[in-house]
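# Summary of the model geometry
Chain by chain, the residues run as shown.
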Amino acid sequence: MTTLANLQDFIPSDGNVTMFTTNWCGYCRNLKKRLEAEGIGYQEVNIEEVPGTAAIVEAFNGGNQTVPTLIFPDGSAATNPRIDEVRSRL
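Residues numbered from 1 in each chain as written. Predicted model: local features only at pLDDT ≥ 70, side-chain atom pairs only at ≥ 80, totals over all residues. Heavy atoms only, no water.

On to the overall build of the protein chain, then. In terms of regular secondary structure, the protein chain is built from three helices and four strands. In the protein chain, the succession of α and β elements from N to C terminus is β-α-β-α-β-β-α. Radius of gyration (C-alpha) of the protein chain: 12 Å, near the 12 Å computed for a compact globule of 90 residues. Structurally, the protein chain occupies a C-alpha span of about 35 × 25 × 20 Å along its principal axes. Looking at the 90 residues of the protein chain, the share that counts as buried comes to 38%. Expressed as a percentage of contacts within the protein chain between residues at least 6 apart in sequence, the contacts between residues at least 24 apart total 60%. (Helix = DSSP H or I, 4+ residues; strand = E, 2+ residues; numbered from the N terminus. Rg over C-alpha atoms; globule rule 2.2 N^0.38 Å. Buried < 20%, exposed > 50% of the residue type's maximum accessible area, 1.4 Å probe, protein only. Contact = heavy atoms within 4.5 Å.)

Have a look at this one:
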């Protein structure tokens, strides 16, 4: 069983984010396009394909598997953030 201790495996390097997604998430596709247009590096992690990662997303979202959930280099998270919030937090 995955716990929040595994979050450390997904904390990105400075200037990048980790983006928890699913294949069917339209908000995820849109945010990926914005990140790419802004030149912001990201690691995509599909919570339906990577065991245990749904639990990390649930921990940040009150038990819900809400995506996109982004993890920042300081270990904080944002759910479905606007691109200006991502820029300001990096």
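The subject of this paragraph is unusual backbone geometry. The omega angle of the peptide bond from valine 67 to proline 68 is 0°, so this bond is cis rather than trans. Tracing the backbone through its elements, the reader meets proline 68 in the loop between helix H2 (53–60) and strand E3 (69–71). With a phi close to 50°, asparagine 80 is a non-glycine residue in the positive phi region.

One finds Phe20, Leu35, Leu70 and Val86 to be the most contacted residues of the largest nonpolar core, which totals 22 residues. Counting residues per element, the ones that place at least two in this core are strand E1 (16–21), helix H1 (26–38), H2, E3 and helix H3 (83–89). For valine 86, the contacting residues outside a window of four places in its chain are Val17, Leu35, Ile40, Leu70, Phe72 and Pro81. (Core = buried A, V, L, I, M, F, W, Y, C linked by side-chain atoms within 4.5 Å.)

Attention shifts here to the confidence of the model for the protein chain. Regions with low pLDDT carry predicted coordinates that are not meant to be interpreted in detail. Confidence in the prediction for the protein chain averages 93 pLDDT; 94% of positions are at 70 or higher. Contacts of residues 1–5 to residues separated by more than four positions or lying in other chains number six contacts, the stretch itself having pLDDT below 50. (pLDDT = per-residue confidence, 0-100.)

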